[in-house]
Amino acid sequence: MSKLTYRGSEYTKFKSVRLHKDDEVIVIAGKEKGKKGKILVIDKKRDRVVVEGLNKRKRFLRPTQENPQGGVVEVEAPMHISNVMFYDSKKKKGVRLGYQENKGKKVRVSKADGKEI
């Protein structure tokens, strides 16, 4: 039996993801542009992130024994990782991230000023 693959052209475009869960990010493209939020989930295989409170979609639930009424729930939908940028609260804007070696340890740094995050 063959393994099911993702329907996109490639598995992943971004081989290394510099963003982590619980990072504060700002949206730089799309309908949520300019809004900030915290990363809840990162899907590296599909290059997607779920940001708290952004990109909401309505989910229609059918009635079950636990929820006999059914109803409509708003959930955060994934957005492409290229549409978000790490938010530096000191500079009050989005910054690019890089890695540096510090005392034998790999740490994330801001590309603009080289300060550790």
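Quick caveat: nothing in here was measured; it's all calculated off a predicted structure.

The rules behind the values
Residues numbered from 1 in each chain as written. Predicted model: local features only at pLDDT ≥ 70, side-chain atom pairs only at ≥ 80, totals over all residues. Heavy atoms only, no water. UniProt positions renumbered as here; feature names shortened; annotations may be inferred. Helix = DSSP H or I, 4+ residues; strand = E, 2+ residues; numbered from the N terminus. Salt bridge = Lys/Arg side-chain N within 4 Å of Asp/Glu carboxyl O. Buried < 20%, exposed > 50% of the residue type's maximum accessible area, 1.4 Å probe, protein only. Polar contact = N/O pair within 3.5 Å; in protein donor to acceptor, adjacent residues only side chain to side chain. Contact = heavy atoms within 4.5 Å.

1. A closer look at the UniProt feature "domain: KOW" (unreviewed entry) in the protein
Mapped onto this numbering, the UniProt entry annotates "domain: KOW" (unreviewed entry) at residues 21–52. This span, residues 21–52, is 0% helix and 50% strand, and a straight line between its end C-alpha atoms measures 11 Å.

2. Section: the pattern of salt bridges
Counted according to the given criterion, the structure contains 7 salt bridges. Its salt-bridge partner being Arg 108, residue Asp 23 comes within 2.8 Å of it at the nearest N-O pair. Highlighted residues: Asp 23 in the segment before β1 (24–27) and Arg 108 in strand β10 (residues 105–110), separated in sequence by 85 residues. The buried category is assigned to Asp 23, whose relative accessible area is 8%. Residue Arg 108 is classed as buried on the basis of its relative accessible area, which comes to 12%. As a salt-bridge pair, Asp 113 and Lys 91 come within 3.9 Å of each other at their nearest N and O atoms. One end of the pair, Asp 113, is in the segment after β10; the other, Lys 91, is in the loop between β7 (84–88) and β8 (93–95), with 22 residues separating them in the sequence.

3. Let's talk about the side chain of Asp 23
Here Arg 108 takes part through its side chain, which lies 2.8 Å from a polar atom of the side chain of Asp 23. Ignoring anything within four residues of it in the chain, the contact list for Asp 23 reads Arg 18, Gly 37, Lys 38, Ile 39, Phe 86 and Arg 108.

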